[in-house]
Amino acid sequence: GEETELPTGTKSVLGVPVLTQEVDGKKEPLGGLLVLRSARIEDADTGDGRSARDGIEQIKKAAATKKPFFAAVGFMNPDFRSAVPEAWLDKYKTTPAPETLPAPKDAPDTAQFAGILPERQVTPEERQQFIAGYRAQTAFIDAQVGLVLDALEQTQLAANTIVVFASVGGYH
């Protein structure tokens, strides 16, 4: 293949340009492709961790006023552009990936997990890493949502609160 020059601040990960950032003195993918990297940070220091904690503060303030309230708490994960705290990825790195299922009859190529990379199929090792990353991100977000729901219980607002949870469908 032809060598193409990558834009400043990016590097090639599995043949895909990925934004980079300085981590411990070296360039590392920022988020990466389907969580190819984790971040050495605490849950509370992530964008999603901050969102959960901001939502909890909104709930506590609402409880103090004893008035109806609306709180929108948004999360980014699971999303392949976001890094996950290292502790979460460590929990799933060695969990075996499920067997690959045959494609449904007449399914378009774009519906196949293996079609994520634009130029080639994923290797079994990459597939394992992608699935571990998705599991880690999903578990991490489950914990953040749990903190928000716990705050509703702790403030005695849960019984009179409607919670609407929406999410994207995940990876193919």
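Thresholds applied
Residues numbered from 1 in each chain as written. Predicted model: local features only at pLDDT ≥ 70, side-chain atom pairs only at ≥ 80, totals over all residues. Heavy atoms only, no water. Helix = DSSP H or I, 4+ residues; strand = E, 2+ residues; numbered from the N terminus. Buried < 20%, exposed > 50% of the residue type's maximum accessible area, 1.4 Å probe, protein only. Contact = heavy atoms within 4.5 Å. Areas by Shrake-Rupley, 256 points an atom, 1.4 Å probe, with all protein chains shown as cover. Axes fitted to C-alpha atoms, helices over the stretch in contact; angles between N-to-C directions. Parallel < 35°, antiparallel > 145°, perpendicular 65-115°, else oblique. Nonpolar A, V, L, I, M, F, W, Y, C, P; charged D, E, K, R; others polar. Salt bridge = Lys/Arg side-chain N within 4 Å of Asp/Glu carboxyl O. pLDDT = per-residue confidence, 0-100. Phe/Tyr/Trp six-rings, centres within 6.5 Å; stacked < 30°, edge-to-face > 60°. Lys NZ or Arg CZ within 6 Å of the ring centre and 35° of its normal. Expected span 1.5 Å × (residues − 1). Arc of directions from axis to C-beta.

### What to know about the overall build of the protein
In terms of helices and strands, the protein carries 3 helices and 5 strands. Moving toward the C terminus, one meets the helices and strands of the protein in the order β-β-β-β-α-β-α-α. Within the protein, the proportion of its 172 residues that are buried is 33%. Pairs at least 24 residues apart make up 64% of the contacts formed inside the protein by residues separated by at least 6 positions. In the structure as shown, the protein presents an accessible area of about 11500 Å², 55% of it carried by carbon and sulfur atoms.

### What to know about the packing of helix α1 (residues 47–65) against helix α3 (residues 124–154)
Between α1 and α3, whose axes approach to 9 Å, the crossing angle comes to 10°. Relative to α3, the element α1 lies roughly parallel. Here α1 contributes Asp48, Gly49, Ala52, Arg53, Ile56 and Ile59 to the contact with α3, which in turn contributes Phe140, Ile141, Gln144, Leu147, Val148, Ala151 and Leu152. Along the lines of polarity and charge, the residues of the contact of α1 with α3 split into 9 nonpolar, 2 polar and 2 charged.

### Here we look at the pattern of salt bridges
All chains considered together, the criterion is met by 3 salt bridges. For arginine 40, the salt bridge identified is with glutamate 86, shortest N-O distance 3.9 Å. Note that arginine 40 is positioned in the loop between β4 (38–39) and α1 and glutamate 86 in helix α2 (residues 86–92), a separation of 46 residues in sequence. Given a relative accessible area of 30%, glutamate 86 falls into the partly exposed group.

### Some words on the confidence of the model for the protein
Averaged over every residue, the pLDDT of the protein is 78; the share at 70 or more is 67%. Taken as a whole, residues 30–35 scores under 50 in pLDDT and shows 30 contacts with residues more than four places along the chain or in a different chain.

### Side note on the environment of leucine 89
Within the secondary structure, leucine 89 is located in helix α2. The exposure class of leucine 89 is buried, given its relative accessible area of 10%. Along the sequence, leucine 89 and alanine 132 sit 43 residues apart, while their C-alpha atoms lie 6.8 Å from each other. Setting aside residues up to four positions removed in sequence, leucine 89 forms contacts with Ser38, Val84, Ala132, Gly133 and Ala136.

### A word on the packing of aromatic side chains
Considering all chains together, one arrives at 1 aromatic pair under this definition. Judged by centre distance (6.1 Å) and plane angle (65°), the rings of tryptophan 88 and phenylalanine 140 are edge-to-face. Of this pair, tryptophan 88 sits in helix α2 while phenylalanine 140 sits in helix α3; the two residues are 52 residues apart in sequence, bridging distant segments of the chain. Across the pair, phenylalanine 140 and tryptophan 88 agree in class, each one buried. Above the plane of the ring of tryptophan 88 lies lysine 91, whose end atom (NZ or CZ) is 4.0 Å from the centre.

### What about α1?
Taking 1.5 Å as the rise per residue, α1 with 19 residues should run 27 Å; its terminal C-alpha atoms sit 27 Å apart, in good agreement. Regarding α1, the residues found buried are Asp48, Gly49, Ala52, Gly55, Ile56, Ile59, Ala62 and Ala63. Taken down its axis, α1 places every buried residue within 145° of arc, on the same side. Opposite the buried face of α1, at more than 90 degrees from it, the exposed residues are Lys61 and Ala64. Considering only its buried residues, α1 is in contact with α3.

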